[in-house]
Amino acid sequence: MTNDTLFKLRMYAVPLGIILGLAYLNFALNYSLGYQEIYTHHSHGVAITLWCLSGFFQLVLFIYWAMILYNGPGKSPQFPLFDIYQQGDKNLLPLPDLFFCDEFGFPFYDSKSQSLRIERSFYSKYVGYNVLKFDHFCLWIGSSIGLTNYLFFMKFCIWFWCFFVIMLVYVSRYTRSSINRGEINHNFILLYIMSGFWIICISALFISHVSYVCRDVTTLDVISKKQKARYERWKSRQKKGSDEETGGSHVNCLAPKKPRKENGKRYVSVSRDNVRLVVEFDVGDYPFHMGWKKNWINLVLNGNRTQGRSEHYYTTTRFLEAIVVLLIPFAEIPFELRRRRSAADLERIPSGIERTIAEFNYYSNEVSPEFLKMIEDKIDKKECYIPSYFASRDGPK
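Residues numbered from 1 in each chain as written. Predicted model: local features only at pLDDT ≥ 70, side-chain atom pairs only at ≥ 80, totals over all residues. Heavy atoms only, no water.

### With respect to the sheet that holds strand 8 (residues 265-272)
Phase 1: Pairing is antiparallel across the open sheet formed by 4 strands, whose spatial order is 1-8-9-10. Two strands close off the open sheet at either side, each with one partner strand: strand 1 (98-101) and strand 10 (384-385).
Phase 2: Alignment of strand 1 against strand 8, held across 4 bridges, turns out to be antiparallel. Among the inter-strand pairings, Leu-98 is bridged to a residue of strand 8, identified as Val-270. (Pairing = 2+ DSSP bridges. Helix = DSSP H or I, 4+ residues; strand = E, 2+ residues; numbered from the N terminus.)

### Observations regarding empty space enclosed by the protein
Phase 1: Under the criterion given, the structure shown has 4 cavities of 30 Å³ or more.
Phase 2: If you go around the largest cavity, you meet 16 residues; those closest to its centre are Lys-133, Tyr-150, Val-213, Asp-216 and Asn-304.
Phase 3: Among the elements of the structure, helix 4 (186-215) and helix 6 (292-301) are those that each provide at least two residues to the lining of the largest cavity.
Phase 4: It is helix 6 that contributes the most residues to the lining of the largest cavity, 3 residues altogether.
Phase 5: Along the lines of polarity and charge, the residues of the lining of the largest cavity split into 6 nonpolar, 6 polar and 4 charged. (1 Å grid on protein atoms, 1.4 Å probe; cavity = no way out; pocket = protein on both sides within 12 Å on 5 of 7 lines; lining within 4 Å. Points joined across faces, edges and corners; volume = space filled by probe spheres on them. Nonpolar A, V, L, I, M, F, W, Y, C, P; charged D, E, K, R; others polar.)

### As for the layout of surface pockets
Phase 1: Roughly 1300 Å³ of volume is contained in the largest pocket.
Phase 2: The wall of the largest pocket is formed by 47 residues, among which Phe-100, Phe-108, Glu-119, Arg-120 and Phe-288 lie closest to the centre.
Phase 3: In terms of residue class, the lining of the largest pocket is built from 26 nonpolar, 7 polar and 14 charged.

### Regarding a positive patch on the surface
Phase 1: On the surface, a cluster of positive charge is made up of Lys-226, Arg-230, Arg-233 and Arg-237.
Phase 2: Structurally, Arg-237 can be placed in helix 5 (residues 219-244).
Phase 3: Residue Arg-237 is classed as partly exposed on the basis of its relative accessible area of 43%. (Patch = residues over 30% accessible without salt bridge, like charges linked within 9 Å, V, L, I, M, F, W, Y side chains within 5 Å. Areas by Shrake-Rupley, 256 points an atom, 1.4 Å probe, with all protein chains shown as cover. Salt bridge = Lys/Arg side-chain N within 4 Å of Asp/Glu carboxyl O. Lys, Arg positive; Asp, Glu negative; His and termini not counted. Charge placed at Lys NZ, Arg CZ, Asp CG, Glu CD. Buried < 20%, exposed > 50% of the residue type's maximum accessible area, 1.4 Å probe, protein only.)

### Regarding the UniProt feature "transmembrane region" (unreviewed entry) in the chain
Phase 1: Taking the UniProt record as the reference, the feature "transmembrane region" (unreviewed entry) is found at residues 12-33, 45-67, 150-172 and 184-207.
Phase 2: Counting secondary structure, residues 12-33 comes out at 100% helix and 0% strand; the distance between its end C-alpha atoms is 31 Å. (UniProt positions renumbered as here; feature names shortened; annotations may be inferred.)

### Thoughts on unusual backbone geometry
Peptide bonds are mostly trans, and most non-glycine residues show a negative phi.
Phase 1: Despite not being glycine, Arg-120 shows a phi value in the positive range, around 75 degrees.
Phase 2: Relative to the assigned elements, Arg-120 resides in the loop between strand 3 (115-116) and strand 4 (122-124).
Phase 3: Judged by relative accessible area, Arg-120 falls into the buried class, the value being 13%.

### Section: the UniProt feature "domain: Palmitoyltransferase DHHC" (unreviewed entry) in the chain
Phase 1: Listed under "domain: Palmitoyltransferase DHHC" (unreviewed entry) in the UniProt record, and renumbered for this structure, are residues 111-225.
Phase 2: Note that residues 111-225 is 59% helix and 12% strand, and that its end C-alpha atoms are spaced 25 Å apart.

### Points about helix 8 (residues 333-345)
Phase 1: With 13 residues, helix 8 should reach 18 Å at 1.5 Å per residue; the first-to-last C-alpha distance of 18 Å fits that figure.
Phase 2: Within helix 8, burial applies to Phe-335, Glu-336, Arg-339 and Ala-343. When helix 8 is viewed along its axis, its buried side chains cluster within an angular range of 100 degrees and face the same direction. (Expected span 1.5 Å × (residues − 1). Arc of directions from axis to C-beta.)

Here is the structure:
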């Protein structure tokens, strides 16, 4: 069996397992608890309320699951390279004042999609294209999560959590009366285990993503930051071990495996006084963090983008509106339709470099004023250098 086959089996098997598990939980919750216990021995109205709540939460849950899959994570358009020498080539993108680059000053290019890779985009093998603002691949849902379905993913988590909370509340309320009659339905045990397990898992996941939104970071950013800390700890242990050696070879079979090399260094190319400069920053500097209120408004009301709105748009009232839209099912639909219309406007531009430039400007991420100030301070302190392609161009031929 090939790796691709195993990959596809895992991709579809886990969501199918979730669906089958929910089918059993429906039997245990609605029949064993709802009918055999509550409806038969207690209250018809309470049982009917349970069935209505359970059905409603699961309906919302599956609709958001379908919306995550239907919308997809957001496919990045195919972009040509930057005109890094600024020769006026009409087949290349004009060089922006600021772009993220490698240590030599070159923009990122993805060979699989044959496209310039804009900031925060990442090639996902699960969908076969560059995903805009890629966050992670959710094994449970069976989809990559990115720019266009991240909000749906957050709301999916909310209603999944609500379903299990209702399950735990009802089974906790009526277990004692079943035991007092000398009866114990073993399905109740599974309801306790599954509701407790999933409430803990979903709570941890949702709280993590709330913190990510507050800082406007992605799961990839957090992973890179953790990899940096792990790599630095490994280097520290290696140095300490070498200092303690008194001579001869030293083999430690229990030594931890070398982690992925991640120094946390990132780079940005900036135009300053008609000169291009490369400035280094750390993966933990959060270039797109506009403040937690703005971040939530951008996610919920602005199509998960950081640009396109004036400063007057980001009010406390707008923030409260964003929280209400987050918590009410399907309240985000008008804003989603607005996002689709603005994206569709790009299609009305005739094919060519004009449309490519418009798409690049639309999907690019605006960096925060604090990050720009940090970059300017580094330049003022001479913590920068000329891109290598200018040095090689001006060097001997």
